[in-house]
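Structural overview
Now for the letters of each chain:
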Amino acid sequence: MSIDTESGETPQSTVDQLSRDLGEAIADLPAYQRFEEAKEAVENDEEAQEKIQEFEEFREEFMLARQTGEATQDDLRELQAKQEALHDIPVMAEFLQAQNELELHLQEINETISEPLRIDFGQKAGGCCED
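Reading guide: rules and limits
- Residue positions within a chain follow its written sequence, with the count starting from 1.
- Given that the model is predicted, a residue must reach a pLDDT of at least 70 before its local features are reported, and side-chain atom pairs must reach 80 or more before they are shown or counted; all residues, however, enter totals for whole chains, interfaces and linings.
- Side-chain metrics in this entry use all non-hydrogen atoms of the structure; hydrogen atoms and water are not considered.
- The patches described consist of residues with a relative accessible area above 30% and no salt bridge, like charges being joined within 9 Å and nonpolar side chains (Val, Leu, Ile, Met, Phe, Trp, Tyr) within 5 Å.
- Every accessible area reported is derived by Shrake-Rupley at a probe size of 1.4 Å, with residue values counting cover from the shown protein chains alone.
- Only one rule defines a salt bridge in this text: a Lys or Arg side-chain nitrogen within 4 Å of an Asp or Glu carboxyl oxygen.
- Segments assigned H or I by DSSP are reported as helices when at least four residues long, segments assigned E as strands when at least two residues long, and all are numbered from the N terminus.
- Exposure categories follow from relative accessible area, calculated using a 1.4 Å probe and restricted to protein chains: below 20% of the type maximum is buried, above 50% is exposed, and the middle band is partly exposed.
- To define axes, lines are fitted to C-alpha atoms, for helices over the stretch in contact only, and angles between the resulting N-to-C directions are given on a 0 to 180 degree scale.
- Roughly parallel means an angle under 35 degrees; roughly antiparallel, over 145; roughly perpendicular, 65 to 115; everything else is oblique.
- Should the near helix be turned counterclockwise from the far one by less than a right angle, the crossing is left-handed, whereas a clockwise turn marks it as right-handed.
- Working rule for contacts: check all heavy atoms of both residues, and any pair within 4.5 Å makes them a contact.
- Classes in brief: Ala, Val, Leu, Ile, Met, Phe, Trp, Tyr, Cys and Pro nonpolar; Asp, Glu, Lys and Arg charged; the others, Gly included, polar.

A surface patch of nonpolar side chains, amounting to about 250 Å² of accessible area, comprises Leu117, Ile119 and Phe121. With respect to the helices, strands and loops of the structure, Phe121 is situated in helix α6 (residues 121-126).

What follows is about the pattern of salt bridges. With the rule as written, the count across this model stands at 6 salt bridges. When the shortest N-O distance is used, the salt bridge between Arg34 and Glu101 registers 2.6 Å. One end of the pair, Arg34, is in helix α2 (residues 30-43); the other, Glu101, is in helix α5 (residues 90-117), and 67 residues separate them in sequence. Its relative accessible area of 29% is what places Glu101 among the partly exposed residues. A salt bridge links Glu54 to Lys82; the nearest nitrogen and oxygen atoms lie 3.0 Å apart. Residue Glu54 is found in helix α3 (residues 46-67), and its partner Lys82 is found in helix α4 (residues 73-88); the two are separated by 28 residues along the sequence.

Before going further, it helps to examine the packing of α3 against α4. Across the interface, α3 lies against α4 with an axial gap of 9 Å and an inter-helix angle of 160 degrees. Relative to α4, α3 is oriented roughly antiparallel. Crossing of α3 against α4: the hand is left-handed. Touching Ala48, Lys51, Ile52, Glu54, Phe55, Phe58, Arg59 and Phe62 of α3 are Asp75, Leu76, Glu78, Leu79, Lys82, Gln83 and Leu86, all from α4. Looking at the contact of α3 with α4, its residues break down into 8 nonpolar, 1 polar and 6 charged.

Purely spatial values, then, with no claim about function.
Structure (structure tokens):
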């Protein structure tokens, strides 16, 4: 790709525009639309919100107990049961499926971007502190 310097475009401005275009194109994907709709459905579902709150509170207690060495196998089983109950709610199951499909699309996009760079673009762009 050549850069037209007469138009005032720089490599950085071209990349910035392509990034915006890519973001807009991703937002137009059916997988993204489905994800957004499923997310909104979960946010508006009273049962799902109650189960999420219950799960998050118990998970936090479990993590604290684990840090102090007080967590038991029964606690872990209860945490897993609460997570399964949350995932069994139809609106939550739909959300998780939509999220998974979107993540697969984003992984494919990441691989396409990463190939000419010879690095994992998503990992490098996404943050630090990977062990």
